[in-house]
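# Survey of secondary and tertiary structure
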Amino acid sequence: MNMQALAMAFLSAVTVGGLAWVFLYPMLSGEKKAEKRRASFTSGEPVLRVDDRIRNRRAQVEDSMKELEQRMAAKQKLSLSMRLSQAGLSWTKQQFIIGSCILGGGVFLLAFSFGVALLPAAGFGATAGLGLPRWVLNYLKKRREKKFLDALPDAVEVIVRGVKAGLPLFDSIKVVVADAPEPLRSEFAAIIETQTIGMPLGEACQRLYDRMPLPEANFFGIVIAIQTKSGGNLSEALGNLAKVLRDRRKMAAKIQAMSMEAKASAAIIGSLPPVVMIGVYIMTPEYISLLWTHPTGRIMLAGCVMWMATGIMVMKKMINFDF
């Protein structure tokens, strides 16, 4: 096959794929509809007159939401120490960096001892030293967040019962600390410690989001902060929050159940090419070895890897839902 024609076909395919990604994917995935829906919610103006008390309460809610947006914008880039804290690790930043360097050096020496060339061995070491520890850190963080979400609705209901029984909010949080499992126990214990040194309870609860960056933790901090500023029926507000948290957990379980078929299909489709390549290589290695011995085969193999990676990212984007 003519190399120039092959290169032109490859570039044309990349161009068509890029145009489809830019123009067709937002319409197929529903992003434009979601943007229009969000715009319709934010563009409306209030038409009803309210009294001063409700107006002041609404202003306090708006101020709390603005503070929340500012905090979320500031938390886009987290430091390594904060990531370690969110993952529940007691390591320092220096210990994590030293461990990553040791892991990368070990992988480099292992690959080099098995006869891998210097440059690929260095690439394997850099990948292991930079990528693998951060992947483990994200995995531990997500696992800790899942445990926190599973225990948070029950903890909020315990606080509601304590408030209805006449206990102060601070004492109700102490009851949660005494009975709740980890990591919720340590996070609520941090709220008590922060409030003990003089910080207002509402602000201490809002700082829960710094250690546990979840919408549910934001909800809890906002409710406590608004109730401490404007007053009202705290037990009713926390009861509604507990119901919202349970409904969100049910929705997450329902989304996971509905998307499992698509995830299984994506896993099967994504694993077919390497499985077929390994099978063909075992049966007739000289037939498939042209993919990495011939220049045209290398180009085709690189294109296939690129398109497979693009397909996996598109399917992951379509399967994962935010709510």
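Throughout, a residue's number is its position along its own chain's written sequence, starting from 1. Thresholds applied to this predicted model are a pLDDT of at least 70 for local features of residues and 80 or more for the giving and counting of side-chain atom pairs; totals over whole chains, interfaces and linings are not thresholded and use all residues. Calculation of side-chain values draws on the structure's entire complement of heavy atoms; hydrogens and water are dropped beforehand.

Take the overall build of the protein next. The helix count covers DSSP runs of H or I at least four residues long, the strand count covers runs of E at least two residues long, and both are numbered beginning at the N terminus. When helices and strands are tallied, the protein shows 15 helices and 0 strands. Put simply, the protein has 323 residues, and 28% of those count as buried. For the protein, restricting intrachain contacts to residue pairs at least 6 apart in sequence, the fraction spanning at least 24 positions comes to 62%. Exposure categories follow from relative accessible area, calculated using a 1.4 Å probe and restricted to protein chains: below 20% of the type maximum is buried, above 50% is exposed, and the middle band is partly exposed. Any two residues having at least one pair of non-hydrogen atoms within 4.5 Å are treated as being in contact.

All right, on to the environment of Ala237 then. Mapping Ala237 onto the fold places it in helix 12 (residues 234-283). On a C-alpha basis, the gap between Ala237 and Val160 in space is 8.9 Å, while along the polypeptide they are 77 residues apart. When near neighbours in sequence (up to four residues on either side) are disregarded, Ala237 contacts Val223 and Gln227.

This part takes up the environment of Met277. Position of Met277 relative to the elements: it lies in helix 12. Sequence separation between Met277 and Ile288 is 11 residues, and the spatial gap between their C-alpha atoms is 7.5 Å. Residues within four places of Met277 in sequence aside, it is in contact with Ile288, Leu291, Trp292 and Leu301.

Below, the discussion takes up the confidence of the model for the protein. Each residue carries a pLDDT value, the predictor's own confidence for that position, ranging from 0 to 100. Chain-level pLDDT for the protein is 78 on average; 76% of the residues reach the 70-or-more range. Predicted confidence is poor over residues 44-50, with pLDDT under 50, and the contacts of this stretch with residues over four places away or in other chains come to 3 contacts.

Each helix should span, by expectation, one fewer than its residue count multiplied by 1.5 Å. End to end, helix 5 (residues 93-113) covers 30 Å across 21 residues, agreeing with the expected 30 Å (1.5 Å per residue, within 8%). Taken together, the buried positions of helix 5 are occupied by Phe96, Ser100, Gly104 and Ala111. For helix 5, the angular spread of buried residues about the axis comes to 65°, placing them on one side. Residues of helix 5 that are exposed and point over 90 degrees away from its buried face: Gln94, Ile98, Cys101, Ile102, Leu109, Leu110 and Ser113. Here the buried face of helix 5 lies against helix 4 (80-86) and helix 6 (118-164). Looking one or two residues past helix 5, Gly115 carries a phi angle of roughly 95°, positive in sign. Directions drawn from the helix axis to the C-beta atoms are what define this arc.

Looking at the secondary structure, you find Gly129 in helix 6. Excluding residues within four positions of it along the chain, Gly129 makes contact with Ser100 and Gly104.

Within this analysis, patches are made of residues with over 30% relative accessible area and no salt bridge. Like charges are joined at 9 Å or less; nonpolar side chains (Val, Leu, Ile, Met, Phe, Trp, Tyr) at 5 Å or less. Each accessible area is a Shrake-Rupley estimate made with a 1.4 Å probe; only the visible protein chains count as cover when residues are assessed. The term salt bridge refers to a pairing of a side-chain nitrogen on Lys or Arg with a carboxyl oxygen on Asp or Glu at a separation within 4 Å. Taken together, the side chains of Leu103, Leu132, Trp135, Val136 and Tyr139 present a nonpolar region at the surface, about 480 Å² in accessible area. At 4 residues, the largest contribution of residues to the nonpolar patch is made by helix 6. Considering the arrangement of structural elements, one finds Leu132 in helix 6.

This next bit is on the nonpolar core. Core analysis: the largest hydrophobic core is formed by 35 residues, its most contacted members being Phe148, Val156, Ile173, Leu184, Phe188, Phe220 and Leu238. Among the elements that take part in this core, helix 6 stands out by supplying 7 residues, more than any other. Apart from residues lying up to four places away in sequence, Phe188 is in contact with Phe148, Leu152, Ile159, Ile173, Val176, Val177 and Phe220. The criterion is simple. A nonpolar core is a set of buried Ala, Val, Leu, Ile, Met, Phe, Trp, Tyr and Cys residues joined through side-chain atoms within 4.5 Å. Residues Leu80, Leu84, Ala87 and Leu137 belong to the second largest nonpolar core, which totals 6 residues.

It is worth spelling out the packing of helix 12 against helix 15 (residues 295-319) at this point. Contact pair helix 12 / helix 15: the axes reach a minimum separation of 10 Å and the direction vectors enclose 170°. Between helix 12 and helix 15, the angle falls in the class roughly antiparallel. Contacts between helix 12 and helix 15 involve Ser259, Ala262, Lys263, Ala266, Ile269, Gly270, Pro273 and Met277 from the former and Leu301, Met308, Met315 and Ile319 from the latter. Its residues assigned to classes, the contact of helix 12 with helix 15 comprises 9 nonpolar, 2 polar and 1 charged. To define axes, lines are fitted to C-alpha atoms, for helices over the stretch in contact only, and angles between the resulting N-to-C directions are given on a 0 to 180 degree scale. The labels follow the angle: roughly parallel below 35 degrees, roughly antiparallel above 145, roughly perpendicular from 65 to 115, and oblique for the rest. Amino acid classes used here: Ala, Val, Leu, Ile, Met, Phe, Trp, Tyr, Cys and Pro are nonpolar; Asp, Glu, Lys and Arg are charged; the rest, including Gly, are polar.

Between its first and last C-alpha atoms helix 11 (residues 215-230) spans 22 Å; for 16 residues at 1.5 Å apiece the expected length is 22 Å, and the two agree. Buried residues of helix 11: Glu216, Ala217, Asn218, Phe220, Gly221, Ile222, Val223, Ile224, Ala225, Ile226 and Gln227, and no others. Gly232 sits one or two positions beyond helix 11 and adopts a positive phi of about 120°.

Our focus in this paragraph is the pattern of salt bridges. All told, the structure shown has 10 salt bridges when counted by the stated rule. Of the charged contacts, one joins Glu145 and Lys141 as a salt bridge, the two residues approaching to 2.7 Å between their closest N and O atoms. Here Glu145 and its partner Lys141 are both found in helix 6, 4 residues apart, which amounts to about one turn of the helix. Residue classification places Lys141 among the buried residues on the basis of a relative accessible area of 19%. A salt bridge links Arg246 to Glu157, with the nearest nitrogen and oxygen atoms 3.0 Å apart.

What follows covers the side chain of Glu145. Residue Glu145 is classed as buried on the basis of its relative accessible area, which comes to 10%. Once residues within four sequence positions are removed from consideration, Glu145 is found in contact with Met212, Pro213 and Leu214.

Glancing now at the packing of aromatic side chains. For Phe, Tyr and Trp, where Trp contributes only its six-membered ring, two rings pair if their centres lie within 6.5 Å, and the inter-plane angle classes them as stacked under 30 degrees, edge-to-face over 60, or tilted in between. Tallied over the entire structure, the rule returns 2 aromatic pairs. Between the aromatic rings of Trp135 and Tyr139, the centroid separation amounts to 6.0 Å while the plane-to-plane angle is 10°, which identifies the pairing as stacked. Residue Trp135 and its partner Tyr139 are both found in helix 6; the two are separated by 4 residues, about one turn of the helix. What makes Trp135 exposed here is its relative accessible area of 57%. Judged by its relative accessible area of 45%, Tyr139 is partly exposed. Between Phe188 and Phe220 the ring centres are 5.4 Å apart and the planes differ by 50°, which places this aromatic pair in the tilted class. Pair noted here: Phe188 is in helix 8 (residues 184-196) and Phe220 is in helix 11, with a separation of 32 residues, a long-range link. Here the two residues Phe188 and Phe220 agree in accessibility, since each one is buried.

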